[in-house]
Amino acid sequence: WSPDTGALEVRLGPASDEGWRLATIRGESGRPVAVRLRAGALTTLPVTTRPIARGEVIRDGDIGLGEAIAWLGAANAPLDESPVGWEMRQSVGENRPVTRAMLQPPKLVNAGDEVAFVWQRGGVRLERVATAVAAARLGEPVRARVGDVQLVGRVAGPGLALMEGGSR
């Protein structure tokens with residue numbers, strides 16, 4: 001196109017999780033052209049203060065504020081709480097923006113740990129302690145055994161799992 005092209009019609013497709021969009025541009029000639037673009041803005045974001053390896057636990061001082069491009073998209077949602085204690089899903093270099101998608105909750109139960117399984121309905125509360133078969137993170141299911149009995153619950157805290165179901 002040149003400055004004398006005339007009016008242009010631009011249509012943007014939906015944003016992907018990483019902020020990419022497909023723009024369809026049509027000039028007066030009527031022939032459309034598709035362009036892939038990514039939308040973002042330069043802003044102050046949480047960034048790494050040092051390189052952090054995949055699986056490493058975030059410590060105090062690992063994340064600071066810095067100027068970076070915030071790409072639009074669900075996977076790039078900013079942090080709304082401190083990530084201290086959480087683990088990195090991927091290796092990240094120094095001064096890189098940190099998003100929720102890059103982090104995973106910490107393991108709160110490890111294989112061999114004792115876990116209190118709690119079931120509660122109204123005023124009735126049952127609790128049983130069992131040994132975890134595998135590790136689990138906050139909100140994940142955890143399996144444990146006590147003798148021949150296998151229990152399954154959702155991790156609610158360190159050494160604590162809530163059991164669901166059973167209306168009687």
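Coordinates for the structure precede this section.
A. View of a nonpolar patch on the surface. A cluster of nonpolar residues, Leu-8, Val-10 and Leu-12, forms a patch on the protein surface that exposes about 280 Å² of accessible area. Mapped onto the elements of the fold, Leu-8 is located in the segment before strand E1 (9-12).

B. Summary view of the environment of Val-33. Summarising the element assignment, Val-33 is placed in strand E3 (residues 32-38). On the basis of relative accessibility, which here comes to 36%, the residue Val-33 falls in the partly exposed class. Put simply, Val-33 and Leu-103 are 70 residues apart on the chain and 38 Å apart in space, counted from C-alpha to C-alpha.

C. Molecular detail of unusual backbone geometry. You will see that Asn-95, though not glycine, has its phi angle at about 65°, which is positive. Looking at the secondary structure, you find Asn-95 in the loop between strand E6 (87-88) and strand E7 (103-104).

D. A look at the side chain of Asp-62. For Asp-62, the location among the structural elements is in the loop between strand E4 (40-48) and strand E5 (63-71). For Asp-62, the side chain forms a polar contact with the main-chain nitrogen of Arg-59, separated by 2.8 Å. With near-sequence residues (within four places) excluded, Asp-62 lies in contact with Val-47, Thr-48, Thr-49, Arg-50, Ile-52 and Val-57.

What counts as what
- Sequence order as written defines residue numbering, which begins from 1 separately in each chain.
- For a predicted model such as this one, the threshold for reporting local features is a pLDDT of at least 70, and the threshold for listing and counting side-chain atom pairs is 80 or more; totals across whole chains, interfaces and linings nevertheless cover every residue.
- Each side-chain value is derived from all of the structure's non-hydrogen atoms; neither hydrogens nor water enter the calculation.
- Patches here are clusters of residues that have more than 30% relative accessible area and form no salt bridge, with a 9 Å joining cutoff for like charges and a 5 Å cutoff for nonpolar side chains (Val, Leu, Ile, Met, Phe, Trp, Tyr).
- The Shrake-Rupley method, run with a 1.4 Å probe sphere, supplies the accessible areas, and residue values consider only the shown protein chains as cover.
- What makes a salt bridge here is a side-chain nitrogen of Lys or Arg within 4 Å of a carboxyl oxygen of Asp or Glu, nothing more.
- Where helices and strands are cited, they refer to DSSP runs of H or I of at least four residues and of E of at least two residues respectively, numbered from the N terminus.
- The rule is simple: take the accessible area with a 1.4 Å probe, protein chains only, and divide by the maximum for that residue type; under 20% is buried, over 50% is exposed, in between is partly exposed.
- Counting of polar contacts relies on pairs of N or O atoms within 3.5 Å, with two restrictions inside protein: one atom must be capable of donating a hydrogen and the other of accepting it, and residues adjacent in sequence are counted only when both atoms are side-chain atoms.
- Every residue pair with non-hydrogen atoms within 4.5 Å of one another is taken to be in contact.

Read these as layout, nothing more, since geometry by itself doesn't imply function.
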